Each structure stands twice: as C-alpha cells, then as structure tokens.
Amino acid sequence: RPPGGARRAARARRPPRRYSATRLPVLGVGTCWLDEAESEASVGAALAWAAARPAAPPVHVDSAEAYRNEAAVGRALAQSGGPGRAFLASKLSDRAHLSYDGAKARVAETLRLFGVETVDLYSLHSAFNFLHDAKARADLAGAWRALVELQKKGKVRALGVSNFNAVELRAFAA
C-alpha cells in the first residue's frame, strides 16, 4: 500500500466519476440572498455577458424554491431571448413539497416560472433530517423517485443533492 501522499496523488490523477452526461459550467451566478430585482438584473447581466462571447461556456444560473426568485430568473431568461446560453439549476427547499407528488408539482412550477420545458439540474436542497425522522425518510425517497422519473421524461437533465453532510450522503446513497 503506497504512503498517504502517493494515494492522494493517484486519486488526483483519476478522472472524476460521472453519473450523468450533463456537464456543470465553470461560470455561474448565484441568486441566494438576492431580491427579485437583483436576481433579474444579475441573471440578465450574466446572460448578456455570455451572449456577447459565443466561445464562452454557458452560464450556470443557480436558483432554489427557498430563494423565492424563480420568476425573476424566468423574466431575465425571457428578456435575453431564452435559455440558450444558460445552464439552469434549482432546488426543492420546502418540507411541504418533500414527497413524490410534491416534487413533481415543484418541478412543474419551476419550469413554469423559468418559462422552459427542461431544467438542467434539480436538487434536493437539504437532507430534511431524514436520518432521525421516519416520515422525512419516506418523503425524501418519494421525492427522489419523482425526480428520477422526471429525468427519464426529459424534464430534468441531471439530479443532485445539496447541503448533505458525509453521513447523510452515505445513508442517502445506500
């Protein structure tokens, strides 16, 4: 077994494991903590920047149900002529939507607010305490099942989780 430094070097040379053909852009604009007007302006500016630079990669636009600005992102997309240069991401944030039906409804609402037919990345925004709450565990599984179905139908290109710690991530993946 090689010493620690050699193991780290070997891991660093390994290509990252990919679970989806979807590639995350290098450049992104986050909309957390921005109000509606700030969200619309910042997303609009990022999309204008990308449109003026055809060789540049798409811009990752990060939103979430909890940020309450998906409509502003949608307006910016509409004003820029559509999502052509945007990689759109959002997240299910509210415990009230954590279920099979709730996740399907939430994604439909995101698509409506963004004004698109497909979102590039949709994530569960947190672990919702599923390790310690049996109902949350069942609801999280249902929500994930719905997201997988929506991905198969082409409504979502890639799925993710956000703000899971290592223990939660291992338990979720098991």
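See the structure shown above.
Procedures and definitions
- Residues numbered from 1 in each chain as written.
- Predicted model: local features only at pLDDT ≥ 70, side-chain atom pairs only at ≥ 80, totals over all residues.
- Heavy atoms only, no water.
- Pairing = 2+ DSSP bridges.
- Helix = DSSP H or I, 4+ residues; strand = E, 2+ residues; numbered from the N terminus.
- Axes fitted to C-alpha atoms, helices over the stretch in contact; angles between N-to-C directions.
- Phe/Tyr/Trp six-rings, centres within 6.5 Å; stacked < 30°, edge-to-face > 60°.
- Buried < 20%, exposed > 50% of the residue type's maximum accessible area, 1.4 Å probe, protein only.
- Contact = heavy atoms within 4.5 Å.
- Expected span 1.5 Å × (residues − 1).
- Arc of directions from axis to C-beta.
- Polar contact = N/O pair within 3.5 Å; in protein donor to acceptor, adjacent residues only side chain to side chain.

Chemist: Even after reading the chapter, I still don't get the sheet that holds strand 1 (residues 28–30), so can you show me in this structure?
Modeler: Working definition: the strands of a sheet are paired by backbone hydrogen bonds and lie parallel or antiparallel to each other. Within the open sheet, the five strands sit side by side as 1-2-3-4-5. Their pairing is parallel. One side of each edge strand has no neighbouring strand; the edge strands of this open sheet are strand 1 and strand 5 (156–161). Going across the sheet, the axis of each strand differs from the next one's by a mean of 20 degrees, ignoring polarity. Bridge analysis of strand 1 against strand 2 (residues 59–62) gives three bridges, and the strand direction is parallel.

Chemist: What's the story with the packing of aromatic side chains in this structure? I'm lost.
Modeler: What describes a pair of aromatic rings is the distance from one ring centre to the other and the angle between the planes of the rings. Taken as a whole, this structure holds four aromatic pairs when the rule is applied. Geometrically, the ring pair formed by Phe130 and Phe172 is edge-to-face, given 6.4 Å between the ring centres and 75 degrees between the ring planes. Here Phe130 is found in the loop between strand 4 (119–124) and helix 5 (134–152), whereas its partner Phe172 is found in helix 6 (residues 166–173), with 42 residues between them in sequence. Residue classification places Phe130 among the buried residues on the basis of a relative accessible area of 4%.

Chemist: Would you explain unusual backbone geometry in this entry?
Modeler: Comment: phi is negative for the bulk of residues other than glycine, and the bulk of peptide bonds are trans. For Trp33, which is not glycine, the phi torsion reads 75 degrees and is therefore positive. Take Trp33: it is sitting in the loop between strand 1 and helix 2 (36–51). Accessibility expressed as a relative area gives 79% for Trp33, which makes it exposed. The backbone of Asn163 sits at a positive phi, close to 60 degrees, despite the residue not being glycine.

Chemist: Would you mind going over the environment of Leu34 with me for this structure?
Modeler: With respect to the helices, strands and loops of the structure, Leu34 is situated in the loop between strand 1 and helix 2. Since its relative accessible area comes to 25%, Leu34 is described here as partly exposed. C-alpha of Leu34 to C-alpha of Asn69: the two residues are 35 residues apart in sequence and 7.9 Å apart in space. The residues touching Leu34, leaving out its near neighbours within four places in the chain, are Ser39, Ser42, Tyr67 and Asn69.

Chemist: Help me out: how do you make sense of the environment of Arg112 in this one?
Modeler: With respect to the helices, strands and loops of the structure, Arg112 is situated in helix 4 (residues 100–114). Between the C-alpha atom of Arg112 and that of Ala71, which follows or precedes it by 41 residues, the distance is 8.6 Å.

Chemist: In this structure, what is going on with helix 3 (residues 70–79)? I would like to understand it.
Modeler: Since there are 3.6 residues in each turn of an α-helix, residues three or four apart along the chain are aligned in direction. Of the positions making up helix 3, those classed as buried are Glu70, Ala72, Val73, Gly74, Ala76 and Leu77. Residues of helix 3 that are buried make contact with helix 2, strand 2, strand 3 (86–92) and helix 4. Directly after helix 3, the chain includes Gly81, whose backbone phi takes a positive value near 95 degrees.

Chemist: Explain helix 5 here, please?
Modeler: Across its 19 residues, helix 5 extends 27 Å between first and last C-alpha, which sits within 8% of the 27 Å expected from 1.5 Å per residue. For helix 5, the full list of buried residues reads Ala136, Asp139, Leu140, Gly142, Ala143, Ala146, Leu147 and Leu150. With its buried residues spanning 165 degrees around the axis, helix 5 presents them on a single face. Opposite the buried face of helix 5, by more than 90 degrees, sit the exposed residues Ala134, Ala138 and Lys152. Buried residues along helix 5 sit against helix 4, strand 4, strand 5 and helix 6. One side-chain oxygen at the N-terminal end of helix 5 lies 3.0 Å from the backbone nitrogen of Lys135; it belongs to Asp133. Immediately downstream of helix 5, the backbone of Gly154 shows phi near 85 degrees, a positive value.

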